[in-house]
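Residues per chain, in single letters:
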Amino acid sequence: MKFQLESDFSKHVKGPELLRVYLLYGSQVYLIGLYEKMLIKKTLGNHYNPFNLHRFHNGNLDMQAFYDAVEQLPMFAENRCVTLDLDVDKLDASSFSDLCKVLEDPPNTTTVIITVKNQPAKKDRFRALVKACNGAGGVVELGARTNSNLLRFLRDRAQKNGCELSSENASYLVSRCTDDMQLLWSEMEKLCAYVGNGTITRAHIDAVVTTVLQARVFDLSKAIMRGNFSLAMDLVDQLTDLREPPSKVLAVLASSFVDLYRGHTARQAGMTPAQAAIDLGYAKNREFVVKNAMRDSGAYSAPQIGKMLSLLADADFRIKSTGGDDRVVLEQTIANLFLLTEKK
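Starting afresh in each chain, residues are numbered from 1 along the sequence in its written order. With the structure being a predicted model, the display of local features is reserved for residues of pLDDT at least 70 and the display and counting of side-chain atom pairs for 80 or more, all residues being used for whole-chain, interface and lining totals. With hydrogens and water set aside, each side-chain value is computed from the structure's full complement of heavy atoms.

(A) Here's a closer look at the overall build of the chain. Secondary structure elements are taken from DSSP: a helix is a run of H or I of four residues or more, a strand is a run of E of two residues or more, and numbering for both begins at the N terminus. Counting its regular elements, the chain contains 16 helices and 8 strands. Dimensions along the principal axes, computed over C-alpha positions, put the chain at roughly 75 × 50 × 45 Å. Each residue is assigned to one of three classes by its accessible area relative to the maximum for its type, calculated with a 1.4 Å probe on protein chains only: buried under 20%, partly exposed between the two thresholds, exposed over 50%. Looking at the chain as a whole, 44% of its 344 residues qualify as buried. Contacts between residues were defined by any pair of non-hydrogen atoms, one from each residue, lying within 4.5 Å. Relative to all contacts within the chain whose residues are 6 or more apart in sequence, the contacts with residues 24 or more apart total 75%.

Okay, structure coming up:
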């Protein structure tokens, strides 16, 4: 059974039906962990015999022990639960084949929960895993939530901790941390501990929250597009103080200008941000990136944006192929971007 929506899977988890196999995968590690706990509780109850729960990890997976755990009868209970935190790419071919065979037909008294938290490079192998789990149980991808759901999640977390968070400041927190719910949960716990009780302000977020690289580089790209050279250099200093490699900064910066190019083409085609986000493959909560890119791209011509991308590609090549000072290359690139953004 393939669950197309998280909401459908949530209803299933809260309902009476219990499947023999579950495969939880996707980009949101927080949600994978949350639903894994809920499924364990559903299988074994609140006060379960620890002998009925067996946990396995890819790094120390003994297939014979895994098989025995799955086939074993529950002890003084109706069901037993076996979990496996799996890295699909690291498991050897023989063990992976044996694993799929076990998952195809486990006993009715055992529920097996497989979690995959890293995107597999071996696509054929992952498809085989999905097929095996789908035959005997359920499969769900737990990816990015919509922006409104993220804001609701943050406001609910704040309320549970005796604090209040406005939608505006929740949105600002997401912009500082991306849509990673595990990171957002951690930063929200930190914020609530810092504030104690009361309203969480933007100043609190700036004081406590650890801003991710993507957010700082997004600020850098905005400074370049707004013509604020001093702010751009200040941000480069901050990134250097945080020991962020110039090559990594450059890669994230380049992605912002790729967004700008995509926004330009979408605007030229007369598309709406919503349709452009779908056609260009952006996550459902990243429509704002396309909307901003379409807005900002109006200040530049297509040849101008093309020169920006060529400049960034050349800088990436220089960093990866020469023994020069990477920070100098980054600063020179930013200075040249300013020259390109001065006029059409």
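Next comes the rest of the write-up.
(B) A look at the sheet that holds strand β5 (residues 110–116). Read from one edge to the other, the open sheet built from 6 strands follows the order β1-β6-β2-β5-β4-β3, with strand pairing classed as parallel. Across the chains shown, the open sheet's two edge strands, defined by having one partner strand only, are β1 (2–3) and β3 (53–57). Across 5 bridges, the pairing between strand β2 (residues 21–25) and β5 is parallel. Opposite tyrosine 25, over in β5, you have valine 116 as the bridge partner. Relative to β2, helix α5 (residues 123–136) is tilted by about 140 degrees, and along the sheet it contacts β1, β2, β5 and β6 (138–141). Any two strands between which DSSP finds at least two bridges are classified as paired. An axis is simply a line fitted to the C-alpha atoms; with a helix, the fit covers only the stretch in contact. Between two such axes, the angle follows the N-to-C directions and lies from 0 to 180 degrees.

(C) View of the packing of helix α2 (residues 29–44) against helix α8 (residues 181–195). Interhelical geometry of α2 versus α8 gives an angle of 85 degrees and a closest axis separation of 6 Å. Viewed along their axes, α2 and α8 adopt a mutual orientation that is roughly perpendicular. The segment α2 lies against α8, with Val29, Tyr30 and Leu31 engaging Met181, Gln182 and Trp185. Gly is put with the polar residues, along with every residue not named as nonpolar or charged; the nonpolar set is Ala, Val, Leu, Ile, Met, Phe, Trp, Tyr, Cys and Pro, and the charged set is Asp, Glu, Lys and Arg. The residue makeup of the contact of α2 with α8, split by class, is 5 nonpolar, 1 polar and no charged. If an angle is under 35 degrees, it is roughly parallel; if it is over 145, roughly antiparallel; if it lies from 65 to 115, roughly perpendicular; otherwise it is oblique.

(D) How the structure looks around the nonpolar core. Counting 40 residues, the largest nonpolar core has Phe9, Leu24, Leu154, Leu173, Leu184, Met188 and Ile200 as its most contacted members. Going through the elements one at a time, α1 (6–14), β2, α2, α6 (147–160), α7 (167–177), α8 and α9 (202–208) are the ones with two or more residues in this core. Per element, the largest residue contribution to this core is 7 residues, and it comes from α2. Among residues more than four places away in sequence, those in contact with leucine 154 are Leu165, Ala170, Leu173, Val174, Leu184 and Met188. In plain words, nonpolar cores are sets of buried Ala, Val, Leu, Ile, Met, Phe, Trp, Tyr and Cys residues tied together by side-chain atoms within 4.5 Å.

(E) Region of interest: the packing of aromatic side chains. Ring geometry is summarised as follows: Phe, Tyr and Trp rings, the Trp one being its six-membered ring, pair when their centres sit within 6.5 Å, and such pairs are stacked at plane angles under 30 degrees, edge-to-face over 60 and tilted between the two. A full pass over the atoms with the stated rule returns 7 aromatic pairs. With a centroid separation of 5.1 Å and an interplanar angle of 65 degrees, the aromatic rings of phenylalanine 9 and tyrosine 35 are classed as edge-to-face. In this pair, phenylalanine 9 sits in helix α1 while tyrosine 35 sits in helix α2, placing the two residues 26 residues apart along the sequence. Taken individually, phenylalanine 9 and tyrosine 35 each receive the classification buried, so the pair is uniform in this respect. Ring pairs connect the aromatic residues Phe3, Phe9, Tyr22 and Tyr35, which therefore count as one cluster. Criterion for a charge above a ring: Lys NZ or Arg CZ within 6 Å of the ring centre, and within 35 degrees of the ring normal. The ring of phenylalanine 96 has arginine 125 sitting right over it, with the charged end atom 4.8 Å from the ring centre. Directly above the ring of tyrosine 172 sits arginine 202, whose terminal nitrogen or CZ lies 3.8 Å from the centroid.

(F) Representation of the pattern of salt bridges. Basic side-chain nitrogens of Lys or Arg form a salt bridge, by our definition, when they fall within 4 Å of a carboxyl oxygen of Asp or Glu. Across all of its chains, the model carries 13 salt bridges by this definition. Across the salt bridge formed by aspartate 105 and arginine 20, the nearest N and O atoms sit 3.0 Å from each other. Pair noted here: aspartate 105 is in the loop between α4 (93–104) and β5 and arginine 20 is in the loop between α1 and β2, with a separation of 85 residues, a long-range link. Of the residues examined, aspartate 105 reaches a relative accessible area of 55% and is grouped as exposed. The closest approach of N and O atoms between arginine 295 and aspartate 296, which form a salt bridge, is 3.1 Å. Residue classification places arginine 295 among the exposed residues on the basis of a relative accessible area of 52%. A network of salt bridges, in which partner residues are shared, links Arg226, Arg295 and Asp296.

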